[in-house]
Amino acid sequence: MSHLRLSRRLCPFRPYSRSFAAISSNSPPPSLNTVGPYQVFDRNAKMIQRDNAARRQGGAKSRTVDYVRDEVAERMLDRFLDIKRKFGTVIDLGSGPGHFSKLLETDKVQKVIMLDSSEATLNRDPDSEFEVEVERLRGDEENILQSVTPGSQEAIVSCLSLHWVNDLPGSLVQIQKALQPDGLFLGAMFGGDTLFELRTSLQLAEVERDGGISPHVSPMTDTRDISNLLSRAGFTMLTVDIDEVKVAYPSMWELMEDLQDMGEGNAVIGRRNTIHRDTLAAASAIYKEMHGSEDGTIPATFQIIYMIGWKPAPTQPKPLERGSGKVNLKDVL
Amino acid sequence: MIQTAAKQRSQPLKRLAIHSTSTCSLQATTYAKCIVATYKDVTKDICKEEFLQFKICLREAVRRHILSHYCHLYNTLHR
């Protein structure tokens, strides 16, 4: 009997069972023993998720869940319009189908280069939806210098893409390098408390049902770290602010379905690929009880970090040297 | 009608979603209240009994769902 059990365990062929690997076979292995940025996200899995999401029902599914990105793109445009300058070319890093680029007008920007790693997402919407000239470039958001010549860009924008980047400090450095002197970087990314309701509900359900937790919601960048990261990457004249988008859903199930259609499924390395149905049902109940609104819906919080940074240039205004003031503040105040 | 029923049958997660939020909402709330009452010190199976009731309800709901689906299929085929 024990012999039988052993041989079954050793038998490599199991019909009708698909074994999911934590890391897809064609992504680079996480570098555990090398010096380098810590690998948190499976970028290859993310690309596949986003490709699939954009292809579902010919893009119709993906279009219905544009609401978060469209809202954030509009808020980002407000910040962009505050900058009194005209641009020839702007790079939209991690553009997706062009949520931000679609809003641009020709009196401000001549041309947009959309750069994204997911081909299907990049080509989801036709050029006719854009007012400005567009060029689509498939490339790695994490390594912008692979697709762009250093020191060549007037402005780089990024709308809700940097939260899937493994090496955020490195990516910011590359963005800075890609810019011309006095070039602009304007970005928006999910951070801080994004989806904390979902995170906590799943954690509680997993602890109570399975007796342990595994990552289902990505670790997010803390708002306070962003300005440090920007200045470390060599940007000056920083502006960082945060904002929240709250969306009400009928239940946790609709939230999870929409996240999947957005291509925002879990892509943390070492994630558990299945959640037991019991755990999901438990999490849904907990979500509603802990966070639910009075009208029976459940809220989902998306926290957005907006950042503006400039590449230093000698022409930029600089603070005067300490002690060079001529007017006594005491007289003014 | 068959198409929608078949569609629902092919999406077991959708079915679970419907039953866990509407059909068994009472049991779900009882379970969640138990968790919320102890959420600072949740351990495995701390609300086992409440979850069991929730699960029984879910199982029953799914069973009835499938049964009614086949009844419907049977009736339309043998009309």
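The model shown is predicted, which means the values in this text are computed figures rather than measured ones. (Residues numbered from 1 in each chain as written. Chains lettered and ligands numbered in written order. Predicted model: local features only at pLDDT ≥ 70, side-chain atom pairs only at ≥ 80, totals over all residues. Heavy atoms only, no water.)

(A) Up close: the overall build of chain B. In terms of regular secondary structure, chain B is built from four helices and zero strands. Starting at the N terminus, the α and β elements of chain B follow one another as α-α-α-α. Residues classed as buried in chain B amount to 27% of the 79 residues present. Within chain B, residue pairs in contact and separated by at least 24 positions form 67% of the contacts whose partners lie at least 6 positions apart. When the accessible surface of chain B is totalled, it reaches about 5400 Å², and 60% of it is carbon and sulfur. (Helix = DSSP H or I, 4+ residues; strand = E, 2+ residues; numbered from the N terminus. Buried < 20%, exposed > 50% of the residue type's maximum accessible area, 1.4 Å probe, protein only. Contact = heavy atoms within 4.5 Å. Areas by Shrake-Rupley, 256 points an atom, 1.4 Å probe, with all protein chains shown as cover.)

(B) Broad picture of the interface of chain B and chain A. Opposite the 26 residues of chain B that make contact, chain A presents 19 residues. The interface formed by chain B and chain A includes four salt bridges. Put simply, E289 of chain A and K33 of chain B hold a salt bridge, and the shortest N to O gap is 3.6 Å. For the pair chain B and chain A, the number of links is seven residue pairs in polar contact (both at pLDDT 80 or more). Broken down by secondary-structure element, the contributors of at least two residues to the side of chain B that touches chain A are α2 (12–23), α3 (25–37) and α4 (48–77) of chain B. Considering only residue class, the side of chain B that touches chain A consists of 16 nonpolar, four polar and six charged. (Salt bridge = Lys/Arg side-chain N within 4 Å of Asp/Glu carboxyl O. Polar contact = N/O pair within 3.5 Å; in protein donor to acceptor, adjacent residues only side chain to side chain. Nonpolar A, V, L, I, M, F, W, Y, C, P; charged D, E, K, R; others polar.)

(C) Here's a closer look at a negative patch on the surface. A grouping of D70, E74, D78 and D82 of chain A is seen on the molecular surface, where their side chains present a negatively charged patch. By secondary structure assignment, the location of D82 of chain A is in the loop between α4 (67–81) and β1 (87–93). (Patch = residues over 30% accessible without salt bridge, like charges linked within 9 Å, V, L, I, M, F, W, Y side chains within 5 Å. Lys, Arg positive; Asp, Glu negative; His and termini not counted. Charge placed at Lys NZ, Arg CZ, Asp CG, Glu CD.)

(D) The arrangement of the side chain of S158 of chain A in detail. Position of S158 of chain A among the secondary structure elements: in strand β4 (residues 153–159). Non-local contacts of S158 of chain A, meaning those with residues more than four positions away in its chain, are made with M76, D92, L93, F185, L186, G187 and A188 of chain A.

(E) Broad picture of a nonpolar patch on the surface. Taken together, the side chains of V327, L329, V332 and L333 of chain A present a nonpolar region at the surface, about 490 Å² in accessible area. Note on V327 of chain A: relative accessible area 64%, which makes it exposed.

(F) Quick peek at α4 of chain A. All names here are of chain A. For α4, with 15 residues, the first-to-last C-alpha span of 21 Å sits near the 21 Å given by 1.5 Å per residue. Among all positions in α4, only V68, R69, V72, A73, M76, L77, R79 and F80 are buried. Taken down its axis, α4 places every buried residue within 165° of arc, on the same side. As for α4, its buried residues are in contact with β1, β2 (109–116), β4, β5 (179–190), β6 (236–249) and β7 (298–310). (Expected span 1.5 Å × (residues − 1). Arc of directions from axis to C-beta.)

(G) Structural context of unusual backbone geometry. Residues and elements named next belong to chain A. For D182, which is not glycine, the phi dihedral falls at a positive 65°. Among the secondary structure elements, D182 is positioned in strand β5. For L195, which is not a glycine, the phi torsion comes out positive at approximately 60°. Within the fold, L195 resides in the loop between β5 and α7 (196–209).

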